[in-house]
Amino acid sequence: MSDDSPILADVQDGVGTLTLNRPETRNALSQAMRPALAAAIARMRDDAQVHTVILQGAGGAFCSGGDIGQMLDPAQAGLPWRERMRQLHQWFPALENLEKPVIAAVDGPAFGAGLSLALAADFVLATRRASFCAVFGRIGLVPDLGAMHLLPRIVGRQKAKELVFTARSFGAEEAQSLGIVYQVVEDAEALQAAALGLARRFGQASTAAIGMAKTIMNRAFEQDAAALAEMEAYAQTMCRGSAYHQDAVQRFRDKQPLRFDWNRDA
C-alpha cells in the first residue's frame, strides 16, 4: 500500500497496524478513508497470522473527527447523507467486534468520530498531550459512529451526557480516570513502544479464546444472565476442543511453562 493512501495497513510479527493517514487534516475521516478503513479492518480480521491490531494516526494526531469541508457540500444534504451514515454502520461494528485485541494509540486529538474510533478499541493508550472530545454539539450534531452506544457503557450515563451536552475537551489523565484510557505515556515515542509492547504480549495467547470472550462481553449489556451463560457454554465447549487448550493441559501435566502467562511475560 502506497504512503499516500488514506489508510496504511502493515503486519509485522503478528501485529497489524492501521494508520489513519491524512495528517494535513489531523486525520479527519473523509469519504475516501471510510472504504479504505473497512477494507483494512477486513484484512486484519481475515489474516490468521495477526493476533493484535494497533490503530493510530499519522502526524501527531489520532483523528479530528469528520471532514467539515465535505459536510459543507450541499449535495450531501438529506438522503445522501443518511445513506453515508448508514454505510458507517456497516463497517464500524467490524472494528468494535474484531475478535482480536485492538489497541488505540492516541496522540493529539481524538475528537468526534475520532473519539468513537478510540472507544471501539479494547485498550486506549494516550500521550500526555492527547485530548478527547464529543465535539458534535459544537456544530449542532449528535454523536455518531457508535459513540452513543459505547460512551455511556464506559463512563456511565450521567457522565456521558455531561461530555456530550457540553462538548468540552478533556485530557489524557481525565480520560484515564473515566475508564476511557488504559495507560498514559509521556510522548509519541513512548506511545509507539507501549502500544507495540502491549500488542506483542498477546502473541502467545489463544486468539480464538480472546475473540470469543470479547464477543460475549461486548454483548453483556444487551443480554440477560441466562443468555450470556448459554453463549459462555458454547464458547467454552469450542475452546475445550482446541489444539491450543490441549497443548496447555499437556504442558501443565508435564510441569512445563505455559505458552501464555501475563505475569511471567510482563
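Before going into details, it helps to say that this report is about the structure given with it.

**Examining unusual backbone geometry**
Here comes step 1: Residues other than glycine seldom take positive phi values, yet Arg26 does so here, at roughly 55°.
Here comes step 2: Looking at the element boundaries, Arg26 is found in the loop between β2 (15-20) and α1 (33-46).
Here comes step 3: Residue classification places Arg26 among the partly exposed residues on the basis of a relative accessible area of 48%.
Here comes step 4: The phi dihedral of Asn27 falls on the positive side, at around 60°, and the residue is not glycine.
Here comes step 5: Here Asn27 shows up in the loop between β2 and α1.
Here comes step 6: Judged by relative accessible area, which is 0%, Asn27 ranks as buried.

**Examining the sheet that holds strand β5 (residues 109-111)**
Here comes step 1: Reading across from one edge, β5-β7-β8 is the order of the 3 strands in this open sheet, with mixed pairing throughout. Two strands lie at the open edges of the sheet, namely β5 and β8 (169-171), each paired on one side alone. Across the sheet, the axes of successive neighbouring strands diverge by a mean angle of 20°, strand direction being ignored.

**Considering the nonpolar core**
Here comes step 1: With 51 residues, the main nonpolar core has Leu18, Phe62, Val106, Leu117, Phe132 and Ile180 as its most contacted residues.
Here comes step 2: One finds Val15, Ile54, Val185 and Ala194 within the second-largest nonpolar core, a separate group that totals 12 residues.

**Brief notes about the packing of helix α5 (residues 147-155) against helix α6 (residues 157-166)**
Here comes step 1: It is at 7 Å that the axes of α5 and α6 come closest, and there the two elements cross at 125°. Viewed along their axes, α5 and α6 adopt a mutual orientation that is oblique. The element α5 and its partner α6 pack so that their crossing is right-handed. Here α5 contributes Leu151, Pro152 and Val155 to the contact with α6, which in turn contributes Arg157, Lys159, Ala160, Leu163 and Val164.
Here comes step 2: Here the residues of the contact of α5 with α6 are counted per class, giving 6 nonpolar, no polar and 2 charged.

**Here's the deal with the sheet that holds strand β1 (residues 7-12)**
Here comes step 1: Here 6 strands make up an open sheet; going across it, the order is β1-β2-β3-β4-β6-β9 and the pairing mixed. Every other strand in the sheet has two partners, leaving β1 and β9 (183-185) as the edge strands with one partner each. Taking each pair of neighbouring strands and ignoring which way they run, the sheet shows an average axis angle of 20°.
Here comes step 2: In this sheet, strand β4 (residues 102-106) lies alongside strand β3 (residues 52-57) in parallel orientation, the contact comprising 4 bridges. Along β4, the bridge assignment pairs Val53 with Val102.

Procedures and definitions
Residues numbered from 1 in each chain as written. Predicted model: local features only at pLDDT ≥ 70, side-chain atom pairs only at ≥ 80, totals over all residues. Heavy atoms only, no water. Helix = DSSP H or I, 4+ residues; strand = E, 2+ residues; numbered from the N terminus. Buried < 20%, exposed > 50% of the residue type's maximum accessible area, 1.4 Å probe, protein only. Pairing = 2+ DSSP bridges. Axes fitted to C-alpha atoms, helices over the stretch in contact; angles between N-to-C directions. Core = buried A, V, L, I, M, F, W, Y, C linked by side-chain atoms within 4.5 Å. Parallel < 35°, antiparallel > 145°, perpendicular 65-115°, else oblique. Left-handed = near helix turned anticlockwise from the far one by under 90°. Contact = heavy atoms within 4.5 Å. Nonpolar A, V, L, I, M, F, W, Y, C, P; charged D, E, K, R; others polar.

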